[in-house]
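Next come the chains, spelled out residue by residue.
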Amino acid sequence: MSDKLHSTLQRQLRRTALLDDELTQEKFDAFLQRISASYKEAEETRYTLQRSMELSSEEMRDLYNDLKQTSAKLVEAEQSKLHAVMESLDHGVCTVSPKGEILFLNSAAKRLFGTSPTHYQDMLRRFVPVSAQGKKLDPLALAKKALRGEHLLDYSATLQRSSNDRIKVLASLSPLLCKGSDRAEGLVLTFHDRTQHNQMMRNLSVALEAANQAAQAKGNFLATMSHEIRTPLNGVIGMLDLLLASSLTQEQNKFASIAKSSGESLLRIINDILDYSKLEAGKVQLETAEMDPLAIANDVASVLRPKAQASGLPVDVTVAPGLASSCKADAGRIRQVLFNLVGNAIKFTDQGSISIHVASLYPVTRSRNGSFFLRFEICDTGAGIPTEKIPSLFTPFMQLDASTTRTHGGTGLGLSISGALVRQMGGEMEILSEVGHGSTFSFSVEVQPNDLVVQERRRQGERREKLLEESNDENFSLALLVAEDNHTNQIVIDAMLRRLGYSDITIAEDGKKAVALASERQFDVILMDCMMPELDGFEATKTIRSSAGQVASIPIVALTANAMEGDREKCLAAGMNDYIAKPVSLDSLRQTLQRVFQQTILASTK
């Protein structure tokens, strides 16, 4: 190396701080060797990096290809699912590309087309849309609207299947939109045969009408059977009631009592079946009236206490502190549930006691009128019920075992009816029982607070009793007209009225005769059967009410075997003052006549 080049290189190296002393040949050669080694090392590093990048690129390509294949398979699977769903539809489905290519036709579309269209234009020509006003529309114009993003739903059209085959269809045309885009990627046409749809709707309408007629027929059948069974049963129970009130030997009294008990059992079975049928049809309507919870519990206990005492079972009634003395609810239905539960407790308890507990509970949170829950608990010391059998107690026509029906009788509907009535009254029924330690049946019902002043009601009741007491001497001289077409029931009601002390009794064989007799002389009360020849009780009542003079105001009491839901209201709407359902008992006849006389006396003193 020349001295000049050596000096120049030395100066440059010193400037870069690579050398700090004089550059000799030996040092310079060593320096070049280090540079050569560094360069070689750099080349090896570069080669290694390049190879790593090549390998990584191959792995990335493989991974990309795997992902691409997996995605394709997933897309294909999803498309297969989508196609399977569309193939399962009864509606025709057709998708079209923006270029007018038919992308997909499901089986229903092919079937409805008859011969599958080959192109979008061919498909549109087969459709003749119709506006709501019956005007033919341009299918191509509708397609352009859909491509602009409009959804054309449920428009009528005629589908030309062949030269002489057309069907009415209901179609929808919508844009085919990709996720995240507002631009239409094609069209979706869906349609179905209106002829088949209309026929189905007609069939449904016919089926609905048939169901309504069947329900009406069922209701009419129940009403008719109720009337036809109660009419002769009235004669049986009524005559037995009169027979038991007469002078009988001990043996005769026993036989008559058994016969009456059997008749009353039959009546309970009829009532259970009718109640269950009405509940099943949703036709039980609740009545809201003033009631005394304690009085209802005491009434039930007093009626059933003789039966319990015959088995050595006391029946006690207890009340919780703060029990409301008056509220509004359906007292008749509450009494019905209590009779069933207390009756069952007596039936299935051999020794121990029966108790009825009444309590007022917390207010109803959803109520705005101050409603609260009333709770009744019926406890017995009977054999108890196995836990696994408790749910079956509320199954219609079910008893715990077959021997229950043979031993105690009944339909197996009592608890089912009671549970349904409690639920309809806004409450629930609960059962706690332990085998060998008795059972507790409890139920709560929603009741309304009573806004009437109880003291005023008692004052009015005392006034009624006083007026009735003053008129008792005159009651037995009152003239009564009985409109009844059944000969047996004529004898029964006449004997019952005479047993109650009435002697001036006139019998009319039908409604027409009753109207004529009522216009000939003044009667104090008319007992009116509803189902009679010539003129039924409803029309006879309306005729009497439209008469002139005092005849129009004669108190009329329905005396009928019509005991279905709404029959009482129908009688009152016709102009009758009160209602007695057959079979008639002496007590119900006495109480109803007293009630009618009270109302008449009070009305006359105003």
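An account of the accompanying structure is given in this report. Only a predicted model underlies this, so the values are computations on that prediction, with no experimental measurement involved.

So, about the overall build of the protein. The helix and strand inventory of the protein stands at 17 helices and 18 strands. Burial status across the protein gives 38% buried among its 606 residues.

Pairing is parallel across the open sheet formed by five strands, whose spatial order is β15-β14-β16-β17-β18. The two strands at the open ends of the sheet, each matched to only one other strand, are β15 (504-508) and β18 (578-581). Across this sheet, the average inter-strand angle for adjacent strands is 20°, counted without regard to direction. With three bridges joining them, strand β16 (residues 525-528) and strand β17 (residues 556-560) adopt parallel strand pairing. Looking across to β17, one finds that Ile526 is bridged to Ile556. Helix-sheet contacts for helix α13 (residues 487-499) involve β14 (479-483), β15, β16 and β17, and the interaxial angle to β15 is about 170°.

A few words now on the packing of helix α9 (residues 331-347) against helix α11 (residues 414-424). Contact geometry for α9 and α11: axes closest at 10 Å, N-to-C directions at 145°. Handedness of the α9/α11 crossing: left-handed. Facing Arg333, Gln336, Val337, Asn340, Leu341 and Asn344 of α9, the residues of α11 in contact are Gly414, Leu415, Ile417, Ser418, Leu421 and Val422. Counted by class, the contact of α9 with α11 contains six nonpolar, five polar and one charged residues.

Turning our attention to the pairing of β17. Here β17 lies mainly inside the structure; five of its five residues are buried. In the classification by handedness, the crossover that spans β16, the intervening helix α15 (residues 537-545) and the parallel β17 is right-handed. Note: β17 against β18, four bridges, orientation parallel. Directly across from Val557, in β18, lies its bridge partner Asp578.

Moving on, we get to α9. Compared with an ideal rise of 1.5 Å per residue, which puts 17 residues at 24 Å, α9 spans 24 Å between its outermost C-alpha atoms and is within 8% of the ideal. Within α9, the full set of buried residues consists of Ala331, Arg333, Ile334, Val337, Leu338, Asn340, Leu341, Val342, Gly343, Ala345 and Ile346. You can read the cap of α9 off the contacts: a side-chain oxygen lies 3.3 Å from the backbone nitrogen of Gly332, and it is on Asp330.

When you line up the elements, Ala301 lands in helix α8 (residues 293-310). Relative accessible area serves as the criterion here: at 0%, Ala301 is assigned to the buried category. Each C-alpha atom, one on Ala301 and one on Val342, is 8.0 Å from the other, the two residues being 41 residues apart in sequence.

What follows is about the state of the cysteines. Enumeration according to the criterion identifies zero disulfides in this entry. With no disulfide of its own, Cys530 lies closest to Cys571 among cysteine sulfurs, the gap being 3.8 Å.

What follows covers unusual backbone geometry. Peptide bonds are trans in most cases, and residues, glycine excluded, mostly fall at negative phi. Residues Lys582 and Pro583 are joined by a peptide bond in cis, for which omega reads 0°. Mapped onto the elements, Pro583 comes out in the loop between β18 and α17 (586-605). With a phi angle near 70°, Glu534 is a residue other than glycine that sits in the positive phi range. Within the fold, Glu534 resides in the loop between β16 and α15. Using a relative accessible area of 64% as the deciding quantity, one classes Glu534 as exposed.

Another point: the pattern of salt bridges. The full count for this structure, using the stated rule, is twelve salt bridges. A salt bridge links Glu377 to Arg375, with the nearest nitrogen and oxygen atoms 3.2 Å apart. Arg375 gets classed as buried once you look at its relative accessible area, which sits at 19%. The residue Arg590 makes a salt bridge to Asp587 at a minimum N-O spacing of 2.8 Å. In this pair, Arg590 and Asp587 are both assigned in helix α17, three residues apart and thus about one turn of the helix distant. By relative accessible area, Arg590 is classed as partly exposed at 35%. For Asp587, a relative accessible area of 46% translates into the label partly exposed. The network of salt bridges with shared partners includes Arg375, Glu377 and Glu430.

Our focus in this paragraph is the nonpolar core. The biggest cluster of nonpolar side chains holds 42 residues, and the ones touching the most others in it are Ile334, Leu338, Leu374 and Phe443. Those elements giving two or more residues to this core turn out to be α8, β9 (327-329), α9, β10 (354-363), β11 (372-380), α11, β12 (429-434) and β13 (438-449). Top contributing element to this core by residue count: α9, with eight residues. Those residues in contact with Ile334 that sit more than four places away from it in its chain are Met291, Ile296, Ala329, Phe376, Met425 and Val445.

Moving on, we come to the side chain of Ser439. By the secondary structure assignment, Ser439 is in strand β13. Its relative accessible area of 4% is what places Ser439 among the buried residues. A distance of 2.7 Å separates a polar atom in the side chain of Ser439 from a polar atom in the side chain of Ser433. Contact partners of Ser439, with chain neighbours within four places excluded, come to Ile378, Cys379, Asp380, Gly384, Ile385, Leu432 and Ser433.

With that out of the way, let us pick up the side chain of Thr541. Along the chain, Thr541 turns up in helix α15. With a relative accessible area of 0%, Thr541 lands in the buried category. What Thr541 contacts, discounting residues up to four positions off in sequence, is Met528, Ile556, Ala574, Gly575 and Met576.

The next point concerns helix α14 (residues 511-520). Buried residues of α14: Gly511, Ala514, Val515, Leu517 and Ala518, and no others. Buried residues along α14 cover an arc of 165° about the axis, so they all sit on one side. Exposed residues on α14 whose side chains face more than 90 degrees from its buried face are Lys512, Ser519 and Glu520. For α14, the secondary structure elements touched by its buried residues are β14, β15, β16 and α15. Measuring from the side-chain oxygen of the N-cap residue of α14 to the backbone nitrogen of Lys512 gives 3.0 Å; that N-cap residue is Asp510.

Reading guide: rules and limits
- Residues numbered from 1 in each chain as written.
- Predicted model: local features only at pLDDT ≥ 70, side-chain atom pairs only at ≥ 80, totals over all residues.
- Heavy atoms only, no water.
- Helix = DSSP H or I, 4+ residues; strand = E, 2+ residues; numbered from the N terminus.
- Buried < 20%, exposed > 50% of the residue type's maximum accessible area, 1.4 Å probe, protein only.
- Pairing = 2+ DSSP bridges.
- Axes fitted to C-alpha atoms, helices over the stretch in contact; angles between N-to-C directions.
- Contact = heavy atoms within 4.5 Å.
- Left-handed = near helix turned anticlockwise from the far one by under 90°.
- Nonpolar A, V, L, I, M, F, W, Y, C, P; charged D, E, K, R; others polar.
- Right-handed = clockwise from strand over helix to strand, strands pointing away.
- Expected span 1.5 Å × (residues − 1).
- Polar contact = N/O pair within 3.5 Å; in protein donor to acceptor, adjacent residues only side chain to side chain.
- Disulfide = S-S within 2.5 Å.
- Salt bridge = Lys/Arg side-chain N within 4 Å of Asp/Glu carboxyl O.
- Core = buried A, V, L, I, M, F, W, Y, C linked by side-chain atoms within 4.5 Å.
- Arc of directions from axis to C-beta.

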